[in-house]
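Coordinate analysis (summary)
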Amino acid sequence: MKRWQMRRNCALTPRQLLKFYIVLVCLSLTVATGFFLAGVWVIPIFTALELCAVTLGFLIYCRHALDCETIEIDEKRLLVKKFIGYKETVYELNTQWAKIELPSEGSKVFHISQSSLRIELGQFLRPEQQIPLIAAVRAHLG
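Model, not experiment: these values are computed from the prediction. (Residues numbered from 1 in each chain as written. Predicted model: local features only at pLDDT ≥ 70, side-chain atom pairs only at ≥ 80, totals over all residues. Heavy atoms only, no water.)

It is worth spelling out the packing of aromatic side chains at this point. Counted by the stated rule, this structure contains 3 aromatic pairs. With centroids separated by 6.4 Å and ring planes inclined at 85°, the aromatic side chains of Phe83 and Tyr86 adopt a geometry described as edge-to-face. By relative accessible area, Phe83 is classed as partly exposed at 24%. Residue Tyr86 is classed as partly exposed on the basis of its relative accessible area of 49%. Ring-pair connections join several aromatic residues into one group, and the members of that group are Phe20, Tyr21 and Phe58. (Phe/Tyr/Trp six-rings, centres within 6.5 Å; stacked < 30°, edge-to-face > 60°. Buried < 20%, exposed > 50% of the residue type's maximum accessible area, 1.4 Å probe, protein only.)

Here you go:
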């Protein structure tokens, strides 16, 4: 069985981001509490707004940090899995009938198609990585 996996390039895993977030919240709340005890009541309000905005941004980041696309070829079966935003979509194609299409000029993605089904892939690859991957997959197609 041959397998190729294309992942989003993320600097932090969700677990690392959670650790950073906990430290950030603790530090922000410590500073806000100090200002509140000193009689400056405006700072905790802005700290709450800041933490709400940061939380929203981190949740959006985490939602897509694990995004990936996988191509598996096993004998006559071509399996394409797309995991985008916690939603996994699985396509099963026949290697004898599937065709791979090169990316069009200026396009970032390529397509694998069979009959009326057309699957967009390669959004996480750099342009120089696409051609070798397409060649490797094409070698297994009929």
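The discussion continues.
Within the secondary structure, Thr47 sits in helix α2 (residues 42-65). With relative accessibility at 8%, the residue Thr47 sits in the buried group. Every residue in contact with Thr47, bar those within four places of it in the chain, is listed here: Ser28 and Ala32. (Helix = DSSP H or I, 4+ residues; strand = E, 2+ residues; numbered from the N terminus. Contact = heavy atoms within 4.5 Å.)

Here the focus is a nonpolar patch on the surface. A cluster of nonpolar residues, Leu27, Val31, Phe35, Phe36, Leu37, Val40, Trp41, Val42, Ile45, Phe46 and Leu49, forms a patch on the protein surface that exposes about 1100 Å² of accessible area. Elements with a minimum of two residues in the nonpolar patch: α1 (14-37) and α2. Classification of Phe35 as partly exposed rests on a relative accessible area of 38%. (Patch = residues over 30% accessible without salt bridge, like charges linked within 9 Å, V, L, I, M, F, W, Y side chains within 5 Å. Areas by Shrake-Rupley, 256 points an atom, 1.4 Å probe, with all protein chains shown as cover. Salt bridge = Lys/Arg side-chain N within 4 Å of Asp/Glu carboxyl O.)

Further remarks concern the environment of Phe110. When you line up the elements, Phe110 lands in strand β6 (residues 110-114). Among residues more than four places away in sequence, those in contact with Phe110 are Ile100, Glu101, Leu102, Pro103, Ile119, Glu120, Leu121, Gly122, Leu125, Gln130, Leu133 and Ile134.

Further remarks concern the side chain of Gln130. For Gln130, the position within the fold is in helix α3 (residues 127-138). Owing to a relative accessible area of 5%, Gln130 belongs among the buried residues under this scheme.

Direction of pairing for strand β2 (residues 68-74) relative to strand β3 (residues 77-84): antiparallel, over a ladder of 7 bridges. When the bridges of β3 are listed, Asp74 appears paired with Arg77. Counting the residues that bridge the hairpin from β2 to β3 gives 2 residues, and of these Glu75 lies at a positive phi of roughly 60°. Of the strand pairs in this sheet, β3 and strand β4 (residues 87-94) are connected by 8 bridges, and their pairing is antiparallel. When the sheet's bridge partners are listed, Leu78 is paired in β4 with Leu93. (Pairing = 2+ DSSP bridges.)

Turning our attention to the sheet that holds β2. Strand order in this open sheet of 4 strands is β1-β2-β3-β4, and the pairing throughout is antiparallel. Each having just a single partner strand, β1 (2-7) and β4 make up the two edges of the open sheet. Ignoring which end each strand starts from, the neighbouring axes of this sheet average 10° apart. Pairing between β1 and β2: 6 bridges, direction antiparallel. Among the inter-strand pairings, Gln5 is bridged to a residue of β2, identified as Thr70. Against the sheet, α3 engages β1 and β2, with an angle of about 155° to β1. (Axes fitted to C-alpha atoms, helices over the stretch in contact; angles between N-to-C directions.)

One broad trend across soluble globular proteins is that nonpolar side chains are buried collectively. Ranked by size, the top nonpolar core spans 18 residues in total, and within it Ile71, Leu78, Phe110, Ile112 and Val137 carry the most contacts. Those elements that provide at least two residues to this core are β1, β2, β3, β6, β7 (117-121) and α3. If we skip the residues at most four places from it in the chain, Ile71 touches Lys2, Arg3, Trp4, Met6, Leu78, Leu79, Ile112, Leu121 and Val137. (Core = buried A, V, L, I, M, F, W, Y, C linked by side-chain atoms within 4.5 Å.)

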